[in-house]
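Each chain, written out:
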Amino acid sequence: MPKDMHQKAAEHHEQAAKTHRTAAQQHGSNDHVSGKQHSAQAFEKSKSAHEHSTQANNKSLQQK
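Reading the values: the criteria
- In every chain, residue numbers begin from 1 and rise along the written sequence.
- For this predicted model, a pLDDT threshold of at least 70 governs which residues receive local features, and a threshold of 80 or more governs which side-chain atom pairs are given and counted, while totals over whole chains, interfaces and linings are taken from all residues.
- To get the side-chain values, all heavy atoms of the structure are used, and hydrogens and water are removed first.
- Here a helix means four or more residues in a row that DSSP labels H or I, a strand means two or more in a row labelled E, and each is numbered from the N terminus.
- The reference for a compact globule is 2.2 Å times residues^0.38; the radius of gyration itself is calculated from the C-alpha atoms.
- Note on classification: 1.4 Å probe, protein chains only; a residue is buried when its accessible area is under 20% of the maximum for its type, exposed when over 50%, partly exposed between these limits.
- Two residues qualify as a contact provided that any one of their heavy atoms is within 4.5 Å of a heavy atom in the partner residue.
- Per-residue and other accessible areas follow the Shrake-Rupley method at a 1.4 Å probe size, with only the shown protein chains counted as cover for residues.
- Positive: Lys, Arg. Negative: Asp, Glu. His and the chain ends are not part of the count.
- For this purpose, a charge sits on NZ of Lys, CZ of Arg, CG of Asp or CD of Glu.
- Note on definitions: salt bridges are taken to be side-chain nitrogens of Lys or Arg within 4 Å of carboxyl oxygens of Asp or Glu.

The subject of this paragraph is the overall build of the protein chain. Scanning the protein chain from N- to C-terminus turns up two helices and zero strands. Against the globule reference of 11 Å for 64 residues, the protein chain gives a C-alpha radius of gyration of 15 Å, more extended than a compact globule. Over its C-alpha atoms, taken along the principal directions, the protein chain stretches across nearly 50 × 15 × 10 Å. The 64 residues of the protein chain split such that 20% are buried. Considering only contacts within the protein chain whose residues lie at least 6 apart along the sequence, 66% involve residues at least 24 apart. For the protein chain, the accessible surface area stands at approximately 4,700 Å², while carbon and sulfur atoms represent 51% of it. Across the protein chain, the 9 positively charged side chains and the 6 negatively charged ones have centroids separated by 3 Å.

Applying the stated criterion to the full structure yields one salt bridge. Across the pair Lys-47 and Glu-44 runs a salt bridge, and its minimum N-O distance is 3.6 Å. Remark: Glu-44 and Lys-47 occur in helix H2 (residues 32-62); sequence separation between them is three residues, near one turn of the helix. Under the relative-accessibility criterion, Lys-47 is labelled partly exposed at 38%. You can call Glu-44 partly exposed: its relative accessible area is 44%.

A few words on the environment of His-13. With respect to the secondary-structure elements, His-13 resides in helix H1 (residues 2-28). C-alpha of His-13 to C-alpha of Ser-53: the two residues are 40 residues apart in sequence and 8.9 Å apart in space.

Of note, Thr-19 is situated in helix H1. Beyond its immediate sequence surroundings of up to four residues, Thr-19 is in contact with His-38, Gln-41, Ala-42 and Lys-45.

Even without glycine at this site, Asn-30 takes up a positive phi of about 60°. Within the secondary structure, Asn-30 is located in the loop between H1 and H2.

Okay, here's the thing in structure tokens:
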């Protein structure tokens, strides 16, 4: 089970990273409105990834 949880956390981190890259590209292209929107999405995805990582870590520690 923890392996699946860690995989899910990794997927969330990858999604957050992709959204961060998109936001950076838009800011670099002076598309600040879309850049801000993607920055907000990236922040939310990062928070979700962190929560999944924490849950996976806690589950792993419980099984020791």
